[in-house]
Amino acid sequence: MSAGEEPFRDALDAAAGHAREWLESQPTRHVGPRATAAELEAAFGGPMPENGLPASEVIDYLATNAEPGLMAMPSGRFFGWVIGGTLPAALAADWLVSAWDQNSVFRAATPATAAIEAAAGQWFLELLGLPETSDVGFVTGATMANFAGLSAARWRILERAGWDVNTDGLAGAPAISCLVGRERHDSIDLALRYLGLGRPVEVPSDRQGRISPAELDCALDRALVAASSGTDGFARTPVLVCLQAGNLHSGDFDPFLESITVAKAHGAWVHVDGAFGLWAAAVPELAALTGGLHLADSWATDAHKTLNVPYDCGIVAVRDGEALEAAMSVNPSYMIRDAGAAADPFQTVPELSRRARGVPVWAALKSLGRNGLAAQVRNLATRASQLAQELSALDGVEVLNDVVYTQVSLAFGDDATTRAVTARIIEDGLVWMSGSRWQGRDVLRISVSNWTTDDADVETAVEAVRKALAAVRG
Ligand SMILES: *Cc1c(COP(=O)(O)O)cnc(C)c1O
């Protein structure tokens, strides 16, 4: 670099140009990638270069060669898995987070990002109606949010049973009974596995995948009878119940009020996986889905799905902040702080060093406001109902779920036809929808998670399904 040259400007300008081009291509481009990872490895791999390139040339090379292998996930016509797009304010804030390069561990060292994340956490609790004194942590996604919430649960319920898991580990600890709905997301199992808690007990669910409170009641009775040997065993047996806000296939919600009442009567800690569903609590018209949600002990969600911030960003909230900090802090002495003083960012998440991933959440919420957030989430649900209604009017299309939120599961007669239609839709590239299996059947699953999905996208999606079905039927 010669004297006087601005070292960052060319690379950043190049990146901004490529980013704009990519985003502006979303409304019209083929949704799926045009090249496979194996094909692209030739462009990016080969022998390690002996000498380097100027930064802006690296960025040009990167963007140009990656382009055929990019999936149009930020498009309003992307309905795969459960994947949000990115709000402009959140994306731009994410760029600043990288440029600022603040390692957000201590409030005293990085006060700006600590304050921004604290504000984002407080707004989050307020918008979703969760207890406002809860501890909040910004993690990489809902899997780690589940892990963090369940870590707090494990610490507290063992502490109540007279066991210090931080000191004594799990070997010899009182057995923890974990109960989950049959249709919980696999990431709950993963989090329980990370925590050494093994396979949970499955509680039957209904045709929408909602846990049955009556079955939960029976399962809790059985678990406690099996676990309690002494006279005071019942109250002291550590019990954990995981509920779900937003079933992947039906979009539906566990009945929180009834389930939490039953769980609490058995002394359980209640954790809610609300990766995409928790945000329904921000919409007054959807209040019936989340009634009683605030009575749980811990909540996990993603910001990179329904809220539409860039990957990777999840949020954990725990009513019992002491438990979260006991589970996540490295030094218990840090837990002793002045009354009212806030936790340092590292005390509520598994990582020590990390980017300030809460900043894009703040930017998203600041750009939306309470009304904008409600409108965004409401729009996703409205588009899903619209899709279900228009698709069910087509000959040969079966909508399998009651569409109450953002998810629609379809079948086209037998499994082979459903799979063939799914493959055809993806090949045509007008939209992207995922194949899945639900309650013993192959399904085509539509998830409306992108803030830009509008009337025209819904129309395109209906037409894409109609065409693919016609082609498969010959
Ligand atoms: C996506 C999802 C998860 C996992 O979230 P990640 O962000 O992928 O870690 C967990 N639960 C549900 C219901 C989900 O939809």
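Residues numbered from 1 in each chain as written. Predicted model: local features only at pLDDT ≥ 70, side-chain atom pairs only at ≥ 80, totals over all residues. Heavy atoms only, no water.

**Examining the sheet that holds strand β2 (residues 177–181)**
As a general point, the strands of a sheet are linked pairwise by backbone hydrogen bonds and lie either parallel or antiparallel.
So, point 1. Spatial ordering of the open sheet is given by β1-β7-β6-β5-β4-β2-β3, a layout of seven strands whose pairing is mixed. Each edge of the sheet is formed by a strand with only one pairing partner; in this case those strands are β1 (135–139) and β3 (201–203). Each neighbouring strand pair of the sheet contributes to a mean axis angle of 20°, computed without reference to strand direction.
So, point 2. One ladder, built from five bridges, connects β1 with strand β7 (residues 314–318); its direction is antiparallel. The partner of G137 across the bridge, within β7, is V316.
So, point 3. Together, β1, β6 (298–302) and β7 form the strand contacts of helix α5 (residues 111–128), whose direction differs from that of β1 by roughly 115°.
So, point 4. Running at roughly 130° to strand β5 (residues 269–273), helix α8 (residues 186–194) makes contact with β2, β4 (239–244) and β5 of the sheet. (Pairing = 2+ DSSP bridges. Helix = DSSP H or I, 4+ residues; strand = E, 2+ residues; numbered from the N terminus. Axes fitted to C-alpha atoms, helices over the stretch in contact; angles between N-to-C directions. Contact = heavy atoms within 4.5 Å.)

**Notes on the site of the ligand**
So, point 1. Taken together, 13 residues lie around the ligand, and T143, D273, D302, H304 and K305 are the ones closest in.
So, point 2. The separation between an oxygen atom of the ligand and a polar side-chain atom of D302 is 2.8 Å.
So, point 3. At 2.9 Å, a side-chain N or O of H304 approaches an oxygen atom of the ligand.
So, point 4. Split by residue class, the shell around the ligand holds four nonpolar, six polar and three charged. (Near = heavy atom within 4 Å. Polar contact = N/O pair within 3.5 Å; in protein donor to acceptor, adjacent residues only side chain to side chain. Nonpolar A, V, L, I, M, F, W, Y, C, P; charged D, E, K, R; others polar.)

**Brief notes about the environment of S367**
So, point 1. Note on placement: S367 falls in helix α14 (residues 358–392).
So, point 2. On the basis of relative accessibility, which here comes to 43%, the residue S367 falls in the partly exposed class.
So, point 3. The spatial distance from the C-alpha of S367 to the C-alpha of V421 is 39 Å, given a sequence separation of 54 residues. (Buried < 20%, exposed > 50% of the residue type's maximum accessible area, 1.4 Å probe, protein only.)

**Focus: the sheet that holds strand β9 (residues 407–411)**
So, point 1. Overall, antiparallel pairing links the four strands, which are arranged β8-β9-β11-β10 in an open sheet. Two strands lie at the open edges of the sheet, namely β8 (398–399) and β10 (434–438), each paired on one side alone.
So, point 2. Examined bridge by bridge, β8 and β9 share two bridges and lie antiparallel to one another. In the strand pairing of β9, E398 is matched with A411.
So, point 3. Docked against the sheet, α14 engages β8, β9 and β11 (441–447), running at close to 20° with respect to β9.

**Side note on the domain arrangement of the protein**
So, point 1. In terms of domains, the protein is made up of domain 1 (3–67), domain 2 (93–363) and domain 3 (378–473).
So, point 2. Placing the centre of domain 1 and that of domain 2 at their C-alpha centroids yields a distance of 38 Å. (Domains from an automatic or database assignment.)

**Regarding the layout of surface pockets**
Taking a probe equal in size to a water molecule and rolling it over the atoms shows the remaining empty space.
So, point 1. The calculated volume of the largest pocket comes to roughly 1000 Å³.
So, point 2. Around the largest pocket sit 32 residues that line it, and A15, H18, A19, W22 and W95 are the ones nearest its centre.
So, point 3. Those elements that place two or more of their residues in the lining of the largest pocket are α1 (9–24), α3 (55–66) and α4 (88–100).
So, point 4. Counting residues per element, the lining of the largest pocket draws most heavily on α1, which supplies nine residues. (1 Å grid on protein atoms, 1.4 Å probe; cavity = no way out; pocket = protein on both sides within 12 Å on 5 of 7 lines; lining within 4 Å. Points joined across faces, edges and corners; volume = space filled by probe spheres on them.)

**Quick word on the packing of aromatic side chains**
So, point 1. Counting across every chain of the model gives 10 aromatic pairs.
So, point 2. With 6.1 Å between their ring centres and 15° between their planes, W123 and W362 make a pair best called stacked. Residue W123 is located in helix α5, and its partner W362 is located in helix α14; the two are separated by 239 residues in the primary sequence.
So, point 3. The exposure class of W123 is partly exposed, given its relative accessible area of 30%.
So, point 4. Here the aromatic cluster, defined as three or more aromatic residues joined through ring pairs, consists of F78, W81 and W432. (Phe/Tyr/Trp six-rings, centres within 6.5 Å; stacked < 30°, edge-to-face > 60°.)

**Quick look at empty space enclosed by the protein**
So, point 1. Following the criterion strictly, the structure yields two cavities of 30 Å³ or more and no others.
So, point 2. Reported here for the largest cavity is a volume of approximately 60 Å³.
So, point 3. In this structure, the largest cavity is lined by H185, Q244, A245, G246, L248, D273, G274, A275, F276 and K305.
So, point 4. As a volume, the second largest cavity reaches approximately 40 Å³.

**Observations regarding the pattern of salt bridges**
Oppositely charged side chains can form a pair if their charged atoms are brought close together.
So, point 1. Evaluation of the coordinates by the stated rule reveals 25 salt bridges.
So, point 2. With a shortest N-O distance of 3.5 Å, R424 and D428 are connected by a salt bridge. Placement of the pair is R424 and D428 together in helix α15 (residues 415–428), with a separation of four residues, close to one helical turn.
So, point 3. The partly exposed category is assigned to R424, whose relative accessible area is 33%.
So, point 4. Given a relative accessible area of 28%, D428 falls into the partly exposed group.
So, point 5. Residue R437 is joined to D442 by a salt bridge in which the shortest nitrogen-to-oxygen separation is 3.0 Å.
So, point 6. R437 sits in the partly exposed class, given a relative accessible area of 47%.
So, point 7. What emerges from the salt-bridge pattern is a single network uniting R156, E159, D320 and E322. (Salt bridge = Lys/Arg side-chain N within 4 Å of Asp/Glu carboxyl O.)

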